[in-house]
Amino acid sequence: MFENPSAIGSSHSPHLRKLGAKSVSSDLGSGEPGNSVQEGYVLPFVVGEMKGSSSPMQTTAIMPSPTFLWRFKVIWFLIWAFTCCKIGWDSVMRMSADLRDLFLYEAFLYYNPLLLVTLMVWLWGVCLWVFSQSTINYAKIFDLDQNHLTHREIWKCSIWMTVIVPTSMTAYLYLYSHGEVALAASQPVILYVAVALVLIFPFDIFYFSSRYFLLRTLWRIAFPLQPISFPDFFLADILTSMAKVFSDLERSVCRMVHRQVATIAWFEADSVCGSHSVAIPLVLVIPYIWRLLQCLRQYKDTKEKPTLFNALKYSTAVPVIFLSALKYHVSPDSWTYVYRRLWLFSSLVNSLYSFYWDITRDWDLSVFTRIFKFNKPSLFSNLLYGRQWVYFWVIGSNLVLRCTWTYKLSAHLRHNYLTVFTVAALEMLRRFQWIFFRVENEWNKITKSGFQIPMTDIPREEEKLLGSTNHNV
């Protein structure tokens, strides 16, 4: 964060300046972990001569160290977390036992999508941090310009999301339990509107270029009328892991539009926003249809047969979703003896086919390639680099979570909201580890094809943070 103290002292030390000289300014930059700055280091400034004094007097402006600021923020974060937990728990306990589960179910429905998105943003920041420590030029892979968000900026966004979303949820719980139903109903509505406005805000603030890149990629995913790029199908794959997020968003917006927030009108399963609505499977299947259309577009452009088999993989999710939804629209006997068996078979085919494609195509682990090449040896690199246990863990956990994810695609299994949230979070973690090997495989393809990028051409984040304009991305 700070420059080397010895370097500062050699060029800007107040003892090397004449008394009464102008103050010295220093570029503080942005915090960079691992810098050789000492804790509690104080940057001296020459203030000048004091008025009314016969002799000049030199004072020091004390600035808190990065460690102190970090601890201060952590303390405030813990205080905030404890306050939200205390208020939320007391609010839930005020409810009668027979309404408590319904109360929590509705609260989770509104805030579950944004909580899962927040988790995914955190994990994406971790991915960028690992990429920055390796020799993989992720900016080149994703076709990012020099103004792309670094892992620090991603984490800054995720911190704000981590604070805002639970705070709104706590306010909802508190207001509802204290009888302020109208104010409680406004909390998720305000939050959803604010998130939408931030995403589409047309002015050059709030990371405008990154928001534009995200919205443009989403548009290309929804309407694959152009050749499919790596960011297009990469983000589309992530969206398939967030199918339940889309489903809960649709349920939440439906209740907001029909003024059913903080009411029990939605509890009727056959109502327009009920749990038996045909809109649920339609929304769940959208990310898979997008990915299917992308594969067909790739085949049209490249004539490569593997893209057709990839399209077939995404099509296997369709019967899983719709056969599960049939439980609410057919007789119990038909479900037990016909459709349930078809659902089990289709779930098995989808899970095993997706697992096979992850291993052989997306990751190409047929020959255990080493995970990344790190720029600097560290505990992290020694733990991962060249270790075969990493691949065994990823293969085993991917198989288990691929089968578990079927639970989320099946509407008739989604009754316990805590179990549903846990399974969705586990799917985020599965997709998180999928990202590492998918990007590594893409980088191996680039380097093996003869397109080798010199390490000197890969922009370092330290240079970007120090304001360097010498980027070659």
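Residues numbered from 1 in each chain as written. Predicted model: local features only at pLDDT ≥ 70, side-chain atom pairs only at ≥ 80, totals over all residues. Heavy atoms only, no water.

Rule in force here: UniProt positions are given in the numbering used here, feature names are shortened, and annotations may be inferred rather than shown by experiment.
For the chain, an unreviewed UniProt entry supplies the name EXS domain-containing protein and the organism Hibiscus sabdariffa. If you open the UniProt record of the chain and go to Subcellular location (unreviewed entry), you find "Membrane".

1. Side note on the overall build of the chain
We apply this condition: For helices the rule is a DSSP run of H or I covering at least 4 residues; for strands it is a run of E covering at least 2, with both sets numbered from the N terminus onward. Throughout, a residue-residue contact means that at least one pair of heavy atoms, one from each residue, lies within 4.5 Å. Exposure was quantified through the Shrake-Rupley algorithm and a 1.4 Å probe, taking into account, for residues, occlusion by the shown protein chains and nothing else.
In terms of helices and strands, the chain carries 17 helices and zero strands. When contacts within the chain are restricted to residue pairs at least 6 apart in sequence, long-range pairs at least 24 apart make up 70% of them. For the chain, the computed accessible surface area is about 25,900 Å², with 66% contributed by carbon and sulfur atoms.

2. Notes on helix H3 (residues 97-133)
Heads up, the rule is: Each helix should span, by expectation, one fewer than its residue count multiplied by 1.5 Å. Each residue is assigned a bend, namely the angle between axes fitted to the seven residues that terminate at it and the seven residues that start at it.
An ideal rise of 1.5 Å per residue puts 54 Å on 37 residues; H3 measures up with 51 Å between its terminal C-alpha atoms. Roughly 45° is the biggest bend found in H3, and it falls at tyrosine 111, with proline proline 113 one to four residues downstream.

3. A few points about the packing of H3 against helix H16 (residues 417-448)
A packed helix pair is summarised by two numbers, namely the angle formed by the two axes and the spacing between the axes. This is how it is decided: Axis angles are defined between N-to-C directions and span 0 to 180 degrees, where every axis is a line fitted to C-alpha atoms and, for a helix, only to the segment in contact. Should an angle lie under 35 degrees it is considered roughly parallel, over 145 roughly antiparallel, and from 65 to 115 roughly perpendicular; all remaining angles are considered oblique. We call a crossing left-handed when the near helix sits turned anticlockwise from the far one by less than a right angle, and right-handed when that turn is clockwise. Each residue is assigned to one class: nonpolar for Ala, Val, Leu, Ile, Met, Phe, Trp, Tyr, Cys and Pro, charged for Asp, Glu, Lys and Arg, and polar for all the others, Gly among them.
Closest axis-to-axis distance for the H3/H16 pair is 10 Å, and the angle between their directions is 15°. In terms of orientation, H3 and H16 fall into the roughly parallel class. The way H3 lies across H16 gives a crossing that is right-handed. Split by residue class, the contact of H3 with H16 holds 24 nonpolar, one polar and two charged.

4. Looking at the packing of helix H7 (residues 208-222) against helix H8 (residues 230-241)
H8 packs onto H7 with a crossing angle of 85° between their chain directions and a minimal axis gap of 9 Å. In terms of orientation, H7 lies roughly perpendicular with respect to H8. Judged by residue contacts, Phe213, Leu214, Thr217, Leu218, Arg220 and Ile221 of H7 engage Pro231, Asp232, Leu235, Ala236 and Leu239 from H8. Partitioned by chemical class, the residues of the contact of H7 with H8 number eight nonpolar, one polar and two charged.

5. Examining the UniProt feature "transmembrane region" (unreviewed entry) in the chain
With numbering aligned to this structure, UniProt lists the feature "transmembrane region" (unreviewed entry) at residues 68-89, 109-131, 157-177 and 189-209. Split by type, residues 157-177 is 100% helix and 0% strand. Its first and last C-alpha atoms lie 30 Å apart. Between the C-alpha atoms that bound residues 189-209 the distance is 27 Å, and the span itself is 67% helix and 0% strand.

6. What to know about the pattern of salt bridges
Rule in force here: One speaks of a salt bridge when a side-chain nitrogen belonging to Lys or Arg is within 4 Å of a carboxyl oxygen belonging to Asp or Glu. Exposure classes here rest on a 1.4 Å probe applied to the protein chains alone. A residue is buried below 20% of its type maximum, exposed above 50%, and partly exposed in between.
Applying the stated rule across the entire model yields 11 salt bridges. Residue arginine 291 is joined to aspartate 237 by a salt bridge in which the shortest nitrogen-to-oxygen separation is 3.1 Å. Remark: aspartate 237 occurs in helix H8 and arginine 291 occurs in helix H10 (residues 279-302); sequence separation between them is 54 residues. This pair shows no difference in class: arginine 291 is buried, exactly as aspartate 237 is. Ionic pairing is found between arginine 430 and glutamate 427, a salt bridge with its closest N-O pair at 2.9 Å. One end of the pair, arginine 430, and the other, glutamate 427, are both in helix H16, three residues apart, so they sit about a helical turn from each other. Each of the two residues, arginine 430 as well as glutamate 427, counts as buried. Counted as one network, the salt bridges with shared partners bring together Asp358, Arg402, Glu427 and Arg430.

7. Looking at the nonpolar core
Among soluble globular proteins, nonpolar side chains are generally buried collectively. Test applied: Put simply, a nonpolar core is a bunch of buried Ala, Val, Leu, Ile, Met, Phe, Trp, Tyr and Cys residues held in one set by side-chain atoms that sit within 4.5 Å of each other.
If you look at the biggest cluster of nonpolar residues, it comprises 39 residues, and the most contacted ones within it are Phe131, Ile141, Phe142, Phe234, Ile435 and Val439. Residue contributions to this core peak at 11 residues, all from H16.

8. Thoughts on the packing of aromatic side chains
The criterion, for reference: Two rings belonging to Phe, Tyr or Trp (six-membered ring only in the last case) form a pair when the distance between their centres is within 6.5 Å. Interplanar angles under 30 degrees mark stacking, angles over 60 mark edge-to-face geometry, and anything in between is tilted. The criterion is that NZ of a Lys, or CZ of an Arg, lies within 6 Å of the ring centre and within 35 degrees of the ring normal, and then a charge sits over that ring.
Inspection of the entire model under this criterion finds 25 aromatic pairs. When the centroid spacing of 5.8 Å and the interplanar angle of 90° are considered together, the rings of tryptophan 124 and phenylalanine 142 count as edge-to-face. Taken together, the residues span a long stretch of sequence, with tryptophan 124 in helix H3 and phenylalanine 142 in the loop between helix H4 (138-141) and helix H5 (151-177) at a distance of 18 residues. Taking the relative accessible area as the measure of exposure, tryptophan 124 reaches 23% and is therefore partly exposed. Between phenylalanine 142 and phenylalanine 230, the aromatic rings sit 5.3 Å apart at their centres with planes inclined by 55°, giving tilted as the arrangement. Highlighted residues: phenylalanine 142 in the loop between H4 and H5 and phenylalanine 230 in helix H8, separated in sequence by 88 residues. The ring of tryptophan 357 carries the charged tip of arginine 361 above its face, separated from the ring centre by 5.6 Å. Looking at arginine 431, its charged tip hangs above the ring of tryptophan 434, at a distance of 4.4 Å from the centre.

9. Notes on unusual backbone geometry
The phi dihedral of phenylalanine 206 falls on the positive side, at around 55°, and the residue is not glycine. Relative to the helices and strands, phenylalanine 206 resides in the loop between helix H6 (181-200) and H7. Look at tyrosine 207: it is not a glycine, yet its phi comes out positive at around 55°. Inspection of the secondary structure assignment puts tyrosine 207 in the loop between H6 and H7.

10. A few points about a nonpolar patch on the surface
What counts here: Nonpolar side chains (Val, Leu, Ile, Met, Phe, Trp, Tyr) are joined into patches within 5 Å and like charges within 9 Å, using only residues with over 30% relative accessible area and no salt bridge.
A contiguous nonpolar surface patch, about 650 Å² in accessible area, is contributed by Val189, Val193, Val195, Leu197, Leu199, Ile200, Leu214, Leu215 and Leu218. Counting residues per element, the nonpolar patch draws most heavily on H6, at six residues. A residue is classified by how much of its surface remains accessible, and leucine 197, at 49% relative accessible area, is partly exposed.

11. Observations concerning H7
To keep it simple, the criterion reads: Note: the arc covers the axis-to-C-beta directions of the helix.
Compared with an ideal rise of 1.5 Å per residue, which puts 15 residues at 21 Å, H7 spans 21 Å between its outermost C-alpha atoms and is within 8% of the ideal. Regarding H7, the residues found buried are Ser210, Arg211, Thr217 and Ile221. Seen along its axis, H7 keeps its buried residues to an arc of 130°; they face one direction. At its buried positions, H7 is contacted by H6, H8 and H10.

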